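What the coordinates show
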Amino acid sequence: GFWDPLGLSKDGDAATFRRRRVSEIKHGRISMLAAMGYITPTFAGKFPGYLSPSMGLKFADVPNGLAAISKVPAFGWIQMVAYALYVEASALNFGYFDEAVSKQQPGDYGWKPPLLATTNPELKKKRLNAELANGRLAMMAIIGMFFQDGLTG
């Protein structure tokens, strides 16, 4: 069903709804990656070798969670910010995603992941709804992880 507890879409503006849906999908995808990235090193371990050979900083020396923020070298932050800017700029459509923009489907950039892509419209709708639900859950999960880590260290 349609879930809008705050009544943000009751004005019926389709362009505003589309922008919010695109933002929701983007933030959900980022949150799913963030939640997995937050817990994965605890269970799977960290990369071998050096994060910064010039500083003698190994991946194993970087703590998990919010404590890692102060350990990442400045050039690492520059790389992360540059990537985030690229991702944001790609959403502005500088000719990269003309096919997706013409489809007017939020979150569909024309990439067909193996084993997930389908041409069945009913199955595609079910999977997109699952992605929305999982994204919403991940947004709450990563905020909870940040809060817990900030509270207890």
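Data block above holds the structure.
Residues numbered from 1 in each chain as written. Predicted model: local features only at pLDDT ≥ 70, side-chain atom pairs only at ≥ 80, totals over all residues. Heavy atoms only, no water.

Here helix 1 (residues 14–44) crosses helix 4 (residues 121–152) at 50 degrees, and the two axes come no closer than 7 Å. On the basis of the axis angle, helix 1 is oblique to helix 4. Crossing angle aside, the handedness with which helix 1 passes helix 4 is left-handed. Residues Arg21, Glu24, Ile25, His27, Gly28, Arg29, Ser31, Met32, Ala34, Ala35, Tyr38 and Ile39 of helix 1 form the contact with helix 4, whose own contacting residues are Glu131, Leu132, Asn134, Gly135, Arg136, Ala138, Met139, Ile142, Met145, Phe146 and Asp149. Classifying every residue of the contact of helix 1 with helix 4 by side-chain character gives 12 nonpolar, 5 polar and 6 charged. (Axes fitted to C-alpha atoms, helices over the stretch in contact; angles between N-to-C directions. Helix = DSSP H or I, 4+ residues; strand = E, 2+ residues; numbered from the N terminus. Parallel < 35°, antiparallel > 145°, perpendicular 65-115°, else oblique. Left-handed = near helix turned anticlockwise from the far one by under 90°. Contact = heavy atoms within 4.5 Å. Nonpolar A, V, L, I, M, F, W, Y, C, P; charged D, E, K, R; others polar.)

Another point: the side chain of glutamate 24. By the element assignment, glutamate 24 lies in helix 1. Those residues in contact with glutamate 24, other than ones at most four positions away along the chain, are Leu132, Arg136 and Met139.

Take the packing of aromatic side chains next. What characterises a pair of aromatic rings is the spacing of the ring centres plus the angle enclosed by the ring planes. Tallied over the full model, the rule gives 2 aromatic pairs. Look at tyrosine 38 and phenylalanine 146: their rings are 5.5 Å apart centre to centre, the planes differ by 75 degrees, and that puts the pair in the edge-to-face class. With a gap of 108 residues between them, tyrosine 38 in helix 1 and phenylalanine 146 in helix 4 connect regions that are remote in the sequence. Among the residues examined, tyrosine 38 registers a relative accessible area of 18% and is labelled buried. The class of phenylalanine 146 is partly exposed, set by a relative accessible area of 35%. Taken together, a centroid distance of 5.5 Å and an interplanar angle of 70 degrees make the contact between phenylalanine 47 and phenylalanine 59 edge-to-face. (Phe/Tyr/Trp six-rings, centres within 6.5 Å; stacked < 30°, edge-to-face > 60°. Buried < 20%, exposed > 50% of the residue type's maximum accessible area, 1.4 Å probe, protein only.)

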